[in-house]
Amino acid sequence: MSRGAIEGISYWNILSEKDVQKLHGSALKILEKTGVKVDSEDILGMLADKGCRVDRAAHAVYMHEDFVLDALSKHPHGFVLRAVCPENDCYFKAGKSMIVTTAPGRSTVDITTWKPHMPSKQEFYDYISLINGLDYIDMHTAFPWAGFEGVPECMQLIEGFAAKLRCGHKALWEGSMVGNHRYIIQMAKAFGTEVWMNTNPTSPLTFSADCLEIMCACCENDMPFSITSGPLPGVSSPVTIAGTLALNIADILAGNAIAQTLKPGSRTIAGSLILALDMKTGGPQFANAVSFLAEAAFAQMWRYYDIPCAVNSIGWSNSKTIDYQAAYETTMAFALQAAAGATVLPFAGGLTAELTAHPLKAVIDNDVAQLVRRIIQGFQINEDTLALDLIDEMGFAP
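Note that residues are indexed from 1 along each chain, following the sequence as it is written. Only residues with pLDDT of 70 or above have their local features reported here, since the model is predicted, and side-chain atom pairs are shown and tallied only from 80 upward, although totals for entire chains, interfaces and linings are computed over all residues. Side-chain measures here rest on the full set of heavy atoms in the structure, leaving out hydrogens and waters.

Caption draft 1: Just the overall build of the protein, in detail. Helix and strand definitions here come from DSSP, where helices need a minimum of 4 consecutive H or I residues and strands a minimum of 2 consecutive E residues; each element is numbered from the N-terminal end. Counting secondary structure elements, the protein contains 13 helices and 18 strands. Atoms counted for the radius of gyration: C-alpha only. Globule rule: 2.2 Å times residue count to the power 0.38. Relative to the 2.2 N^0.38 estimate, which gives 21 Å for 398 residues, the radius of gyration of the protein is 21 Å and therefore close to what a compact globule would have. Expressed as lengths along the three principal axes of its C-alpha atoms, the size of the protein is roughly 85 × 55 × 50 Å. Counting every position in the protein, which comprises 398 residues, the buried fraction comes to 56%. Contacts are assigned to residue pairs that have any heavy atoms within 4.5 Å of one another. Nonlocal contacts in the protein, meaning residues at least 24 apart in sequence, comprise 72% of its contacts between residues at least 6 apart. Here the protein displays about 16,900 Å² of accessible surface, and carbon together with sulfur accounts for 56% of that area. Burial classes: relative accessible area under 20% of the type maximum marks a residue as buried, over 50% as exposed, and values in between as partly exposed (1.4 Å probe, protein chains only). Residue burial considers only the protein chains on display, and all accessible areas are found by Shrake-Rupley using a 1.4 Å probe.

Caption draft 2: Layout of the side chain of Glu174. One can find Glu174 in strand β10 (residues 171–174). What qualifies as a polar contact is a pair of N or O atoms within 3.5 Å, subject to a donor-acceptor requirement within protein and to the restriction that residues adjacent in sequence count only when both atoms come from side chains. A distance of 3.3 Å separates a polar atom in the side chain of Glu174 from the backbone nitrogen of Phe143. Engagement of the side chain of Glu174 in a polar contact is seen with the side chain of Lys164, the distance being 2.9 Å. Apart from the residues within four sequence positions on either side, Glu174 is in contact with Ala142, Phe143, Leu157, Phe161, Lys164, Ile184, Val195, Trp196, Met197 and Asn198.

Caption draft 3: How the structure looks around helix α1 (residues 17–34). In this scheme, a helix's expected span is set at 1.5 Å multiplied by one less than its residue total. Taking 1.5 Å per residue as the helical rise, α1 with its 18 residues ought to reach 26 Å, and the 25 Å between its terminal C-alpha atoms agrees with that figure. Taken together, the buried positions of α1 are Val20, Leu23, His24, Ala27, Leu28, Ile30 and Leu31. Down the axis of α1, the buried side of the element spans an arc of 150 degrees, and every buried residue falls inside it. Along α1, the residues that are exposed and aim more than 90 degrees away from the buried face are Lys18, Lys22, Lys29 and Lys33. Gly35 sits one or two residues past α1 and shows a positive phi near 80 degrees. Directions are taken from the helix axis to each C-beta atom, and the arc is the one they span.

Caption draft 4: Quick peek at a negative patch on the surface. Residues form patches when they are more than 30% accessible in relative terms and have no salt bridge. Like charges link within 9 Å. Nonpolar side chains (Val, Leu, Ile, Met, Phe, Trp, Tyr) link within 5 Å. A carboxyl oxygen of Asp or Glu within 4 Å of a side-chain nitrogen of Lys or Arg is what we treat as a salt bridge. Residues scored as charged are limited to Lys and Arg (positive) and Asp and Glu (negative), so that His and the chain ends carry no count. Charge positions come from single atoms, namely NZ of Lys, CZ of Arg, CG of Asp or CD of Glu. Residues Glu383, Asp384, Asp389, Asp392 and Glu393 make up a contiguous surface patch of negative charge. Of all the secondary structure elements, the ones that give two or more residues to the negative patch are α12 (383–386) and α13 (388–394). Counting residues per element, the negative patch draws most heavily on α13, which supplies three residues. Given the relative accessible area of 64%, Glu383 is considered exposed.

Caption draft 5: A look at the sheet that holds strand β2 (residues 53–55). Note on pairing: two strands pair once DSSP finds at least 2 bridges between them. Strand order in the open sheet made by the four strands is β2-β3-β1-β12, with mixed pairing throughout. What marks the edges here is a single partner per strand, and that holds for β2 and β12 (206–207).

Caption draft 6: Looking closely at the pairing of strand β18 (residues 344–348). For β18, a buried count of five out of five residues is recorded, marking the element as mostly surrounded by other parts of the structure. Judged from the four bridges that link them, strand β6 (residues 99–102) and β18 form a sheet pairing that is parallel. Considered in β18, the bridge of Thr101 is made with Pro346.

Caption draft 7: Structural view of the packing of helix α7 (residues 209–220) against helix α8 (residues 241–262). α8 packs onto α7 with a crossing angle of 40 degrees between their chain directions and a minimal axis gap of 10 Å. Taken together, the axis directions place α7 and α8 in an arrangement best described as oblique. The two elements α7 and α8 cross, and the hand of that crossing is right-handed. Across the interface between the two elements, Leu212, Met215, Cys216 and Cys219 of α7 pack against Gly255, Ile258, Ala259 and Leu262 of α8. Think of each axis as a best-fit line through the C-alpha atoms, taken over the contacting stretch in the case of a helix, with angles from 0 to 180 degrees between the N-to-C directions. Here roughly perpendicular refers to angles of 65 to 115 degrees, roughly parallel to angles under 35, roughly antiparallel to angles over 145, and oblique to all remaining angles. Handedness of a crossing is defined here by the sense of rotation of the near helix relative to the far one, left-handed for an anticlockwise turn of less than a right angle and right-handed for a clockwise turn.

Caption draft 8: Quick peek at helix α3 (residues 65–74). Among the residues of α3, those classed as buried are Phe67, Val68, Ala71 and Leu72. The arc that holds every buried residue of α3, seen down its axis, measures 140 degrees, which confines them to one face. Residues of α3 that are buried make contact with α1, α2 (41–49), α8 and α9 (289–305).

Caption draft 9: Structural detail: the packing of aromatic side chains. Working definition: rings of Phe, Tyr and Trp (its six-membered ring) pair if their centres are within 6.5 Å, and the pair is stacked with planes under 30 degrees apart, edge-to-face with planes over 60 apart, and tilted otherwise. All chains considered together, the criterion is met by 13 aromatic pairs. One aromatic cluster is present, formed by Phe124, Tyr125, Tyr127, Trp145 and Phe148 through successive ring pairs. Each ring is checked for a lysine NZ or an arginine CZ that lies within 6 Å of its centre and within 35 degrees of its normal; such an atom marks a charge sitting over the ring. One cation-aromatic arrangement involves Arg53 over Tyr62; the distance from NZ or CZ to the ring centre is 3.9 Å.

Caption draft 10: Structural view of the layout of surface pockets. Of the volumes computed, that of the largest pocket is approximately 700 Å³. In this analysis a 1.4 Å probe is tested at points of a 1 Å grid over the protein atoms alone, and where it fits but cannot get out there is a cavity; an open set with protein on both sides within 12 Å along at least five of seven lines is a pocket; lining residues have an atom within 4 Å of a point. Taken together, 31 residues make up the lining of the largest pocket; nearest its centre are Phe143, Gly175, Ser176, Asn198 and Asn200. It is α7 that provides the largest number of residues to the lining of the largest pocket, a total of four residues. Looking at side-chain class alone, the lining of the largest pocket contains 12 nonpolar, 14 polar and five charged residues. Around the second largest pocket, the lining comprises 14 residues; the ones closest to its centre are Leu15, Leu23, Ile241, Ala242 and Leu245. For the lining of the second largest pocket, the secondary structure elements donating two or more residues are α1, α8 and α9. In terms of residue count, α8 provides more of the lining of the second largest pocket than any other element does, five residues in total. Grid points are joined across faces, edges and corners, and a volume is the space filled by probe spheres set on the points. Think of it as three bins: nonpolar holds Ala, Val, Leu, Ile, Met, Phe, Trp, Tyr, Cys and Pro, charged holds Asp, Glu, Lys and Arg, and polar takes everything else, Gly as well.

Caption draft 11: Structural view of the pattern of salt bridges. This model, assessed by the stated rule, comprises 12 salt bridges. One salt bridge connects Asp70 with Lys74, and the closest N-O pair in it is separated by 3.1 Å. One end of the pair, Asp70, and the other, Lys74, are both in helix α3, four residues apart, so they sit about a helical turn from each other. Owing to a relative accessible area of 36%, Asp70 belongs among the partly exposed residues under this scheme. For the salt bridge of Asp306 with Lys93, the shortest nitrogen-to-oxygen distance reads 3.1 Å. Here the residue Asp306 occupies a position in the loop between α9 and β17 (309–311), and Lys93 occupies one in strand β5 (residues 90–93), the gap between them amounting to 213 residues. Here the salt bridges share partners, and the residues they tie into one network are Arg82, Glu194, Asp222, Lys263 and Arg267.

Shown next as C-alpha cells:
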C-alpha cells in the first residue's frame, strides 16, 4: 500500500452545508464577473477557444460556471506520486489520505545560541538521510532548507534537489525560482521518479508568466503540481475569513481549469497559505486563529471538490527556539488541520516563521505525527469490539 492512505475517518466540519455552497457559489461568481489575469497570449487564445470571454488588452479571462465545473470533472481525484524508492510512493486522495511532510525554512539554527545560519553541505545531506528513517514523515517538502553554504542562489534548489535524489528514499516536492523547474523535472525523469512542483498564482487572481510556464512544463512532462494561493487578509484579500476563502478558492479553481485545459487529467493539488496580518509590524503572523480557522475551512472545501489539498501555514511558530511555544503552536495547527481532513500537512521540523527549520524538531514531530495519525483513524464499534459476551462472562467485580 502507498504511503498516506488512511481509512475509517470522521472529519471535523467547520462549515455547514449551506456555508460550503455559499463559498462555492461566490468563487464561481468571482471567476465569471471579476475574472483572472493570465500573462500568456497562448493560454489566452486557448481559453478563448474553449468559450471563455477574453479581454486581450487587459490579459483578463472570465470563466463561466460550466467551464470551471467541467475542469473539475477532468481531475483524476485520486492519484499516486512515485517516490525515489517505490515502497515510499504516496497516495493522494481527498478525505482518504494524510501525508505528512517536512516544513521548510531558509536556514537552520545553532541549538546552543539559537542564531540562524545557512547549513553546511554535510548538515543538509544528514537531514535528508534522517528523514529516510522517520517512519511518520511521508515525503520531502520543497527545500527543506534553501540550499547550503557555498552554493550560488540560482543553484540552491537544484543542489538541494540533487541531494534528495542522491540519498533520499521518499517522494519529492520542490519549489522553483529563476527557471530551475526545467532542470528539476529533467533530473527527476533521469532518476525514473516524479516530483511535485509548486506553482503559485499571485493573489488576487493573477497568473504570471513564470507561474504559467511551470504549469505548462508539468503538464508536458506529466508531473503533479500544486496551485497555491496565499491571500493575506486585509492586504491582498478582504479582511474577513469568508471573503479571503472565496478569493482563495477562486484562484485555485481558475488554476485547475487552466491545467485541465492544457492536459485533461492533470494531477493538481490545491494549496493554501493564509496568514493573518500583524497590525503592529505590517508583516504576516504565524500560528494564529485566523490561519487555523481559514485553513480548516479550506480543507473541508477541497474535500467537497474531491481534490487533494495542502495547508501550508501549520509548520511554523513565532518562537525562535525549540520550546513549549514552538510545540503548542505547531502541534495545535497540525492536529486541527488533520482533523479537518487536509491531505498534505507540511509540519515536521519547521520552527520560526518560514525562516528556520531543524532536524531535532523533526524527530520530535515524527512522534507527534504518529499520535495524530492514530487519533484520526478513530475506532470501530461493532459486535466484536463491543465484546458483550466477554462482559457477560466476566460478570461482577470480585
